[in-house]
Amino acid sequence: MRLQERAESARLTWNPFTGGKRAWVCFDDFKTYDLGEDPAGSRFEEISNRMMSGDYYPPDAVRFGGRFREEERDLKVGDRIVQQAPLFGKLGGPLMPSAAEIYVAEKGTDRCKIGYVTTSIHFGRGIWSAELVRKDGRLQLTVQSTASPGSWLFWLGLPYARYLQLRARSRAVEELTRCSP
């Protein structure tokens, strides 16, 4: 069975509204980043289009796939996404597959938000979201997540798994900051 088909039948391990089972090790992150000036709104358009098309992360950090790609459309609530992250980060290596479900995918004039919750085909257990806001000619990105180990591999490699999570976040912010008008 293809990973996408397995992802679509996997059970959720987190509820976006009521939460989920937290392990004794749980990472709660809330970070806000200033992505710089955007007086005309063109950078907002470029970044929000990336977010909605599943290209929030650069490919050296996390690759998104799913039916939305096959159907050539933006992400929508309920989409099951397949994530693949290189085991050795910037050095590449085998891609570690996981699956999540989109619980928020909204794009307005000056605000864009995407978010997902984990499934049983994920090394972690939790919730993640990124919200882009354009206000007073500047862009601000807020990234929130709660992550607990959800597999023996995550527990086994806890410090390294956490490193990969933080690296993915910093790589996304780095690339989004570079977006030019």
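Structure: above.
## Here we look at the side chain of D79
Phase 1: On the secondary structure map, D79 appears in the loop between α3 (67–70) and β3 (80–86).
Phase 2: Using a relative accessible area of 7% as the deciding quantity, one classes D79 as buried.
Phase 3: A distance of 2.9 Å separates polar atoms of two side chains, one belonging to D79 and the other to R73.
Phase 4: Each residue touching D79, except ones within four places of it in the same chain, is listed here: F68, R73, D74, A100, E101 and I102.

## Examining the sheet that holds strand β1 (residues 27–37)
Strand pairing in a sheet relies on backbone hydrogen bonds. The paired strands run either parallel or antiparallel.
Phase 1: Reading across from one edge, β1-β7-β6-β5-β4-β3-β2 is the order of the 7 strands in this open sheet, with antiparallel pairing throughout. Edge positions in the open sheet fall to β1 and β2 (63–66), since each of these has one partner strand only. When strand polarity is set aside, the average angle formed by the axes of neighbouring strands in this sheet is 25°.
Phase 2: Relative to strand β4 (residues 95–107), β3 runs antiparallel, the two sharing 7 bridges. Bridging from a neighbouring strand, R80 pairs with E101 of β4.
Phase 3: The sheet contacts of helix α2 (residues 42–52) involve β1, β4, β5 (111–118), β6 (124–135) and β7 (138–149), and relative to β5 the element is tilted by about 20°.
Phase 4: Contacts between helix α5 (residues 158–178) and the sheet are confined to β1, β3 and β7, with β1 contributing the most and set at about 20° to the helix.

## Brief notes about the layout of surface pockets
Phase 1: In this model, the largest pocket occupies a volume close to 820 Å³.
Phase 2: Looking at the largest pocket, it is lined by 40 residues, and the ones nearest its centre are H122, F154, A161, L164 and Q165.
Phase 3: With 9 residues, α5 is the largest single contributor of residues to the lining of the largest pocket.

## Brief notes about the nonpolar core
Phase 1: Residues Y56, Y57, L132 and L141 are the most contacted members of the largest nonpolar core, which totals 30 residues.
Phase 2: Looking at this core, the elements with two or more residues in it are α2, β4, β5, β6, β7 and α5.
Phase 3: Setting aside residues up to four positions removed in sequence, L141 forms contacts with K31, T32, Y33, L35, Y56, A130, E131, L132, V173 and L176.
Phase 4: A7, A10, V82 and I121 belong to the second largest nonpolar core, which has 6 residues in total.

## Notes on the pattern of salt bridges
Phase 1: A full pass over the atoms with the stated rule returns 24 salt bridges.
Phase 2: Taking the shortest distance from any N to any O, the salt bridge between E8 and R67 comes out at 2.6 Å. Within this pair, whereas E8 is found in helix α1 (residues 3–9), its partner R67 is found in helix α3, the two being separated by 59 residues in sequence.
Phase 3: Given the relative accessible area of 34%, E8 is considered partly exposed.

## Focus: unusual backbone geometry
Phase 1: In this structure, E72 is a non-glycine residue whose phi angle is positive, near 50°.
Phase 2: If you trace the backbone, E72 turns up in the loop between α3 and β3.
Phase 3: A positive phi angle, near 55°, is found at D136, a position not held by glycine.
Phase 4: Within the element layout of this structure, D136 appears in the loop between β6 and β7.
Phase 5: The exposure class of D136 is exposed, given its relative accessible area of 73%.

Conventions and cut-offs
Residues numbered from 1 in each chain as written. Predicted model: local features only at pLDDT ≥ 70, side-chain atom pairs only at ≥ 80, totals over all residues. Heavy atoms only, no water. Helix = DSSP H or I, 4+ residues; strand = E, 2+ residues; numbered from the N terminus. Buried < 20%, exposed > 50% of the residue type's maximum accessible area, 1.4 Å probe, protein only. Polar contact = N/O pair within 3.5 Å; in protein donor to acceptor, adjacent residues only side chain to side chain. Contact = heavy atoms within 4.5 Å. Pairing = 2+ DSSP bridges. Axes fitted to C-alpha atoms, helices over the stretch in contact; angles between N-to-C directions. 1 Å grid on protein atoms, 1.4 Å probe; cavity = no way out; pocket = protein on both sides within 12 Å on 5 of 7 lines; lining within 4 Å. Points joined across faces, edges and corners; volume = space filled by probe spheres on them. Core = buried A, V, L, I, M, F, W, Y, C linked by side-chain atoms within 4.5 Å. Salt bridge = Lys/Arg side-chain N within 4 Å of Asp/Glu carboxyl O.

All we've got here are geometric facts, nothing functional implied.
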